[in-house]
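# Examination of the molecular architecture
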Amino acid sequence: MDFKVVPSGFSDATTTVPGDKSISHRALMLGSIAQGRSAVSGFLNGADCLATAAAMRAMGVNIKQTGPTSLLIDGVGTRGLQAPSHDLDLGNSGTAMRLMAGLLAAQPFDSVLTGDASLTGRPMGRIITPLTSMGAAIESDCDGTPPLQIAGGVRLHGIHYDMPVASAQVKSAVLLAGLFADGETSVFEPAVTRDHTERMLRSMGATVSSKGGTVSLAGGQPLTGCAIQVPGDLSSATFIILGTLLSQDSEILIENVGVNPTRTGVLDIFQSMGADIRLENPRQFGDEPVADVRVRASRLQGIDVDPAVVSLAIDEFPALFVAAAAARGETRFSGLEELRVKESDRIAAMANGLRRLGIDIEETPDGALVRGGRFRSGEVRSFHDHRVAMSLTMAATIADGEVLIRGVDNVNTSFPGFEDCVSRLGADVRVA
Ligand code: S3P
């Protein structure tokens, strides 16, 4: 599937975005191993989270979809999962695979985790190393990529793990395994990463401490099912924010967006480029902070992006590259080496796309130097990466002619209905 984008800007409007992907995955996994029922609203009905739901169902959990974005999960307790009768296919989702590996490392049965062409090329050594030192038995392909064969029936013990790379997926995998381990498990993160796992564990009654960059929990704690209201995904809202900033004269209000401070680096970076973005009506959905995001078209200015905020905006750099390409002057990105092992090599994919649209961009091993300019018409590739596809779509709305974005099927992993959403806001984006 491709998108054909005709130059067009957003008009003034109010919208929402689908539920947060990270929180939806965690609701499924933690709800499944809790005691009792969890009622989830605002669930992201995208391909990644549906893969997690299918995996939990394959292990005997009753998950009922009661509406377009609502679920009832009948938790089976920490000892209640059953052996799946087949390999668990987690599609395109690194979050599903890494968190699930932590959960399955402690089960009495064997399991196999696999995925699509992108996921089976992604590094899993980063979770195999700490889980193995807890006593897990996990085998991967010889280069550390999936499929993962996880042997059941082992006893895990708590460890302290100093993460070499700031990763919420690794932190969460170790914490999930730690729930089943003897003694205490702790993880030190070299930079702050999203803390949705810790927040949801606490909402389900677990004691989790976070102090000076170290998160710890005691093994053997039971979880209790609860109501989970999933906020709109700030990572998806980022594309709407970007489209609004780039447009001539538009003002968009995005309601019910998650603004957990471990995720809002993108807003800080946009604002330091001169973006007019305000948070209104701050409130809580359970343990997660939420606000309405008001954004107005703005003249952006190039900056040196502080590498210290990278982990707080890790998924938003494809969109930030587009903002940089539309800004006056130069923008320098560094500290982004993790982008090379996401759903695609996002530095290379964005450099390729922006160059095809006429932008002067120099790739570096850990970032890029982007010189602001004008987007011209042309044809670009998404490299089957949802965020690359959506970022280039937003660039295309202000190009000087039509742009074709090739291979956009994976947009459905995180933002089902993206093209309808942006079309309602005034962009001319069609499936070609
Ligand atoms: C995620 C963590 C991030 C992010 C991913 C979702 C999560 O990955 O890129 O899209 O839900 O924990 P890393 O923690 O590996 O950086």
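Definitions and cut-offs
- Residues numbered from 1 in each chain as written.
- Predicted model: local features only at pLDDT ≥ 70, side-chain atom pairs only at ≥ 80, totals over all residues.
- Heavy atoms only, no water.
- Salt bridge = Lys/Arg side-chain N within 4 Å of Asp/Glu carboxyl O.
- Helix = DSSP H or I, 4+ residues; strand = E, 2+ residues; numbered from the N terminus.
- Buried < 20%, exposed > 50% of the residue type's maximum accessible area, 1.4 Å probe, protein only.
- Pairing = 2+ DSSP bridges.
- Near = heavy atom within 4 Å.
- Polar contact = N/O pair within 3.5 Å; in protein donor to acceptor, adjacent residues only side chain to side chain.
- Areas by Shrake-Rupley, 256 points an atom, 1.4 Å probe, with all protein chains shown as cover.
- Domains from an automatic or database assignment.
- Contact = heavy atoms within 4.5 Å.
- Nonpolar A, V, L, I, M, F, W, Y, C, P; charged D, E, K, R; others polar.

### Let's talk about the pattern of salt bridges
Close approach of charged atoms lets side chains of opposite charge pair. Summed over all chains, the structure comprises 30 salt bridges. In this structure, Asp20 and Arg263 form a salt bridge, with 2.9 Å as the shortest nitrogen-oxygen distance. With Asp20 in the loop between strand 2 (13-15) and helix 1 (21-33) and Arg263 in the loop between strand 15 (251-258) and helix 8 (265-272), this pair connects stretches of sequence that are 243 residues apart. Each of the two residues, Asp20 as well as Arg263, counts as buried. As a salt-bridge pair, Asp345 and Arg340 come within 2.9 Å of each other at their nearest N and O atoms. Linked by salt bridges that have partners in common, Arg122, Arg194, Asp315, Glu343, Arg346, Asp385 and Arg387 make up one network.

### Things to note about the pairing of strand 5 (residues 70-76)
In the sheet, strand 3 (residues 35-41) pairs with strand 5 via six bridges, with the strands oriented antiparallel. For Arg37, the partnering residue across the bridge sits in strand 5 and is Asp74. Pairing of strand 4 (residues 62-67) with strand 5, which is carried by five bridges, proceeds in the antiparallel orientation. Looking at the pairing, Asn62 lines up with Asp74 of strand 5. Between the end of strand 4 and the start of strand 5, which pair antiparallel, lie two residues.

### Focus: the site of the ligand
Lining the immediate environment of the ligand, one finds Ser22, Arg26, Thr95, Ser167, Ala168, Gln169, Arg194, Ile314, Asp315 and Lys342. The side chain of Arg26 places a nitrogen or oxygen atom 2.7 Å from an oxygen atom of the ligand. A distance of 2.6 Å separates an oxygen atom of the ligand from a polar atom in the side chain of Asp315. Considering the ligand on its own, with 380 Å² of exposed area, one finds that the protein chains cover 96% of that surface.

### Things to note about the domain arrangement of the protein
A common way to state how big an interface is: give the accessible area lost once the parts meet. By the assigned domains, the protein splits into domain 1 (3-19 + 231-431) and domain 2 (21-229). Summarising the inter-unit geometry, the C-alpha centres of domain 1 and domain 2 are found 28 Å apart. Listed as interface residues are 27 residues of domain 1 and, on the opposing side, 27 residues of domain 2. Counting the contacts that link domain 1 with domain 2 gives three salt bridges. Notably, a salt bridge pairs Asp315 with Arg194, separated by 3.3 Å at the nearest N-O pair. Between domain 1 and domain 2 we count 14 residue pairs in polar contact (both at pLDDT 80 or more) in total. Put simply, the parts of the chain that give the side of domain 1 that touches domain 2 at least two residues each are strand 17 (288-296) and helix 11 (386-396). When the residues that make up the side of domain 1 that touches domain 2 are grouped by side-chain class, the tally is nine nonpolar, nine polar and nine charged.

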